[in-house]
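Read off the chains here:
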Amino acid sequence: MFGTQAAGLFNVARDSLIGIQGSGLFNILGQGYAVQGAGLFNVANHDFAGIQAAGLFNVAGRDSRAVQLAGLFNVSGGKSRLQVSPLFNVAKDAENGQVSAIINVARRVNGVQIGLINVADTVKGVTIGLLNLVRQGYNRVEISASESFYGNLAFKIGVKPFYNIFYLGARISESNSPSNNGENIKELSWGLGYGIGTAFNLGKRTLSNLELISIKINEREGWTKPLHQLHQFRWLFDWRLGRRMSIYMGPTANLLVSSRKDPELGTGGSELVPKTLYDKVDANKRSQGWIGFNAGIRL
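Position labels on residues start from 1 in each chain and follow its written sequence. Under the rules for a predicted model, residues below a pLDDT of 70 receive no local features and side-chain atom pairs below 80 are neither given nor counted, while totals for whole chains, interfaces and linings still include all residues. Processing note: side-chain calculations cover all non-hydrogen atoms of the structure and skip hydrogens and water entirely.

(A) Spatial organisation of the overall build of the protein. Scanning the protein from N- to C-terminus turns up zero helices and 23 strands. On C-alpha atoms alone, the protein measures out to a radius of gyration of 26 Å, which is more than a quarter above the 19 Å that the 2.2 N^0.38 rule sets for 299 residues. Its C-alpha atoms give the protein principal-axis dimensions of about 90 × 45 × 30 Å. Only protein chains enter the area calculation, which uses a 1.4 Å probe; residues under 20% of their type maximum are buried, those over 50% are exposed, and those in between are partly exposed. Within the protein, the fraction of its 299 residues that count as buried is 43%. Note that accessible areas follow from Shrake-Rupley with a 1.4 Å probe, and for residues the cover is restricted to the protein chains shown. Accessible area for the protein stands at about 14,600 Å²; split by element, carbon and sulfur atoms hold 64% of it. In this charge count, Lys and Arg are treated as positive and Asp and Glu as negative; neither His nor the chain ends contribute. Throughout, a charge is located at the NZ atom of Lys, the CZ atom of Arg, the CG atom of Asp or the CD atom of Glu. Taken as two groups, the 31 positive and 20 negative side-chain charges of the protein have centres that lie 9 Å from each other. Helical segments are the DSSP runs of H or I of at least four residues, strand segments are the runs of E of at least two, and each set is numbered from the N terminus. Atoms considered for the radius of gyration are the C-alpha atoms alone. The globule rule reads 2.2 Å times the number of residues to the power 0.38.

Structural data, given as structure tokens:
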């Protein structure tokens, strides 16, 4: 087929097409160098190069050197040059990138993935999203200690240029408040957080991490309802000891913003806060800043 096909229901080119297909429902071809535009489907069973644009679906079977634009879905069984959709993209290999509001899935990505959830086997580039699942990426488990929480567990997933951090911290303290009749009892404070980070190599066995984390603090109770949030910036240095283990340490800049009222410590008071460099109290909340330290083992 050389030229243009236009139909209210179907366009079909069984072998190859060089030209344009436009349909209210389907475009189908074997292989082509074309522009496809449809209200519902575009399909290329074999190789395709050009542009696919649809209100619902784009499908390219084998080697797709195309730009795929869809109102909902892009699917490529082979290589895809660029996929853009508001819902999700699926490709065997993404040459330049995938951009969607919900999910991107590919085996190999050579470029960028931008979406709420990104899934890939290997990435030469960067994945940016709330959740980045890369099988051969920067995936780490950390056990550490800091001045605020004596026990910390973190999971880091993604790639070195951009990864997600899922954090859990805990601390057991003794309390002898009047409500305890003067007796010392042990109480648990814990934090649940999420963050992002980037890592870059300093040497053959060393690297550095820059991270931002926000942690919901639940102090001496199961869940603290008022605002009680710790924001951290971490600058960490990692030394690899073996194939799977390393140690790391580094300073942290901390800011605790709280509207929790502690009967002993006052508005926004917290026993997690050491000596502060910044302390401001207004009618509704208290902001406290300090420099801390974090060190641990990374697997």
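There's more to say after this.
(B) Highlighting the packing of aromatic side chains. To pair, rings of Phe, Tyr and Trp, with the six-membered ring standing in for Trp, must have centres within 6.5 Å; the planes then decide the type, stacked if under 30 degrees apart, edge-to-face if over 60, and tilted in the middle. Taken as a whole and assessed by the stated rule, the structure comprises four aromatic pairs. When the centroid spacing of 6.1 Å and the interplanar angle of 55° are considered together, the rings of Trp190 and Trp223 count as tilted. Placement of the pair is Trp190 in strand 16 (residues 185–201) and Trp223 in the loop between strand 17 (206–218) and strand 18 (228–240), with a sequence separation of 33 residues. A centroid spacing of 5.2 Å and a plane angle of 40° characterise the contact between Trp235 and Phe237, whose relative ring orientation is tilted. Whether a charge sits over a ring comes down to the Lys NZ or Arg CZ being within 6 Å of the ring centre and within 35 degrees of the ring normal. Positioned over the ring face of Tyr248 is Lys156, at 5.9 Å from the centre of the ring. The residue whose ring lies beneath Arg298 is Tyr248, and the NZ or CZ to ring-centre distance is 4.4 Å.

(C) Seen up close, the pairing of strand 10 (residues 103–114). One ladder, built from nine bridges, connects strand 9 (residues 88–100) with strand 10; its direction is parallel. Residue pairing across strands places Val90 opposite Val105, the latter belonging to strand 10. Only strands joined by at least two bridges in the DSSP assignment are considered to pair. Two strands pair when backbone bridges link them, and strand 10 and strand 11 (residues 117–128) are joined in this way by eleven bridges, in the parallel orientation. Across the sheet, residue Ile103 finds its bridge partner in strand 11, namely Ile117.

(D) Up close: the side chain of Ser270. Assignment of secondary structure puts Ser270 in the loop between strand 21 (266–267) and strand 22 (278–281). Separated by 2.8 Å, the side chains of Ser270 and Glu219 make a polar contact. Only 3.1 Å separates the side chain of Ser270 from the backbone nitrogen of Leu272, close enough to count as a polar contact. Definition of a polar contact: a pair of N or O atoms within 3.5 Å, with one able to donate and the other able to accept a hydrogen when the atoms are protein atoms, and with sequence-neighbouring residues admitted only if both atoms are side-chain atoms.

(E) A nonpolar patch on the surface, seen in detail. For patch building, the residue pool is restricted to those with more than 30% relative accessible area and no salt bridge; the joining distance is 9 Å between like charges and 5 Å between nonpolar side chains (Val, Leu, Ile, Met, Phe, Trp, Tyr). Any carboxyl oxygen of Asp or Glu that lies within 4 Å of a side-chain nitrogen of Lys or Arg is treated as forming a salt bridge with it. A cluster of nonpolar residues, Val141, Phe155, Phe166, Trp239, Leu241, Met245, Ile247, Met249, Phe293, Ile297 and Leu299, forms a patch on the protein surface that exposes about 930 Å² of accessible area. For the nonpolar patch, the secondary structure elements donating two or more residues are strand 19 (246–258) and strand 23 (286–298).

(F) Expanded view of the pairing of strand 18. Bridge count between strand 17 and strand 18: eleven bridges; the pairing is antiparallel. Pairing of Leu210 across the sheet is with Trp235, part of strand 18. As defined by bridge partners, strand 18 adjoins strand 19 across eleven bridges and the pair is classed as antiparallel. When the bridges of strand 19 are listed, His228 appears paired with Ser258. Adjacent in sequence and paired antiparallel, strand 18 and strand 19 are bridged by five residues.

(G) Just the environment of Glu221, in detail. Counting through the fold element by element, Glu221 comes out in the loop between strand 17 and strand 18. Not counting the four nearest positions on each side in its chain, Glu221 is found in contact with Leu188, Trp190 and Arg260. In this analysis, two residues are considered to be in contact whenever any of their non-hydrogen atoms come within 4.5 Å of each other.

(H) Geometry of the nonpolar core. Counting 16 residues, the largest nonpolar core has Ile215, Ile217, Leu230 and Leu256 as the members making the most contacts within it. The greatest single-element share of this core, amounting to four residues, is contributed by strand 17. Ignoring any residue separated from it by four or fewer positions in sequence, one finds Ile215 in contact with Tyr167, Gly191, Leu192, Gly193, His228, Gln229, Leu230 and Gln232. Definition of nonpolar core: a set of buried residues of the types Ala, Val, Leu, Ile, Met, Phe, Trp, Tyr and Cys, connected through side-chain atoms within 4.5 Å.

(I) Representation of the environment of Ala101 within the structure. Relative to the elements of secondary structure, Ala101 occurs in the loop between strand 9 and strand 10. C-alpha of Ala101 to C-alpha of Gly129: the two residues are 28 residues apart in sequence and 9.5 Å apart in space. Beyond its immediate stretch of four places on either side in the chain, Ala101 contacts Ser85, Pro86, Leu87 and Leu116.

(J) Seen up close, unusual backbone geometry. One non-glycine residue, Arg220, adopts positive backbone phi at about 55°. In this fold, Arg220 is placed in the loop between strand 17 and strand 18.

(K) Main features of the pattern of salt bridges. Here the structure, examined in full by the defined rule, presents ten salt bridges. The closest approach of N and O atoms between Glu142 and Arg298, which form a salt bridge, is 2.6 Å. Here the residue Glu142 occupies a position in strand 13 (residues 140–146), and Arg298 occupies one in strand 23, the gap between them amounting to 156 residues. No difference in accessibility class separates Glu142 from Arg298, as the two residues are buried. A salt bridge links Arg298 to Asp238; its shortest N-O distance comes to 2.8 Å. Highlighted residues: Arg298 in strand 23 and Asp238 in strand 18, separated in sequence by 60 residues. Accessibility assignment for this pair places Arg298 and Asp238 in one class, buried. What emerges from the salt-bridge pattern is a single network uniting Glu142, Lys156, Glu211, Asp238 and Arg298.

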